[in-house]
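Structural features, examined
One-letter residues, chain by chain:
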Amino acid sequence: MALVGGCSLAGEISDARRIDASPLRVHGVVDRVVQVEGGAHVRVSYQVGGQRFGTEDLPVGQGAGLTDPAVGTAVCLEASAEHPGTVRLCGQRYPGGDNMIPTVGLVVLAGAAGALMAAGWIVAVTRQERRERERPLRDTP
């Protein structure tokens, strides 16, 4: 299955790793073009080892190397030799960009750390309030 714009981050990471582990350059031909905001989605047919494959809605945008896709245009693809149905345009980075993967990871980590700090603060305040309620009242002279 080819990468599509709606893939999850985990799916994009998995597909990127598959391609990077055993990259194979193949040539394809654009079968369909659908213009969307910020670029286009294209269907590309290609062959690997005599077997025919086709992408579904391969995202094409800035920096993808295919500036004006048209039906019949020849394109360069990077496929996974182990999983030839997993492809991307040569030089393409995923919709969020490969640089987004560490950024998203850091945001998730920071969010988790913030949630843990907030939970710790709530526990500390609750314990302090409980201690104050349970402390016997002192008689003042």
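Right above here is the structure, for reference.
A brief look at the structure comes next. Numbers given to residues run from 1 along each chain, matching the order in which its sequence is written. The predicted nature of this model means local features are confined to residues of pLDDT at least 70 and side-chain atom pairs, given and counted, to a pLDDT of 80 or more, with totals for whole chains, interfaces and linings taken over all residues. Heavy atoms from the whole structure form the basis of all side-chain values; hydrogens and water molecules are not counted.

Note on conventions: DSSP H or I runs of at least 4 residues are helices, E runs of at least 2 residues are strands, and numbering of each starts at the N terminus. Each helix and strand in the chain was counted, giving two helices and six strands. Each helix and strand of the chain, placed in order from N terminus to C terminus, yields the pattern α-β-β-β-β-β-β-α. Under the scheme applied here, a residue whose accessible area is under 20% of the maximum for its type counts as buried, over 50% as exposed, and between as partly exposed, the area being computed with a 1.4 Å probe on protein chains only. A buried classification covers 28% of the 141 residues belonging to the chain. Any two residues whose heavy atoms approach within 4.5 Å are treated as being in contact. For the chain, restricting intrachain contacts to residue pairs at least 6 apart in sequence, the fraction spanning at least 24 positions comes to 57%. For the accessible areas, the method is Shrake-Rupley and the probe is 1.4 Å, while residue cover comes only from the protein chains on display. Carbon and sulfur atoms make up 57% of the accessible area of the chain, which amounts to about 9400 Å² in all.

Quick look at the pairing of strand β5 (residues 74-80) now. Burial within β5 is extensive, with five of its seven residues counted as buried. At least two DSSP bridges between two strands are needed for those strands to be called paired. One ladder, built from seven bridges, connects strand β1 (residues 23-36) with β5; its direction is antiparallel. By the bridge assignment for β5, valine 29 is matched with alanine 74. Two strands pair when backbone bridges link them, and β5 and strand β6 (residues 87-89) are joined in this way by three bridges, in the antiparallel orientation. The residue bridging alanine 79 from the neighbouring strand is valine 87, located in β6. Hairpin connection from β5 to β6: six residues lie between these consecutive antiparallel strands.

Glancing now at the pattern of salt bridges. Any carboxyl oxygen of Asp or Glu that lies within 4 Å of a side-chain nitrogen of Lys or Arg is treated as forming a salt bridge with it. Under the defined criterion, the tally for this structure stands at four salt bridges. Here aspartate 20 makes a salt bridge to arginine 88, at a shortest N to O gap of 2.6 Å. In this pair, aspartate 20 sits in helix α1 (residues 9-21) while arginine 88 sits in strand β6, placing the two residues 68 residues apart along the sequence. Aspartate 20 sits in the partly exposed class, given a relative accessible area of 49%. One salt bridge connects glutamate 78 with arginine 88, and the closest N-O pair in it is separated by 2.7 Å. Of the two residues, glutamate 78 is situated in strand β5 and arginine 88 in strand β6; the sequence distance between them amounts to ten residues. The exposure classification of glutamate 78 matches that of arginine 88, with both residues buried. Because the salt bridges share partners, they merge into one network encompassing Asp20, Arg25, Glu78 and Arg88.

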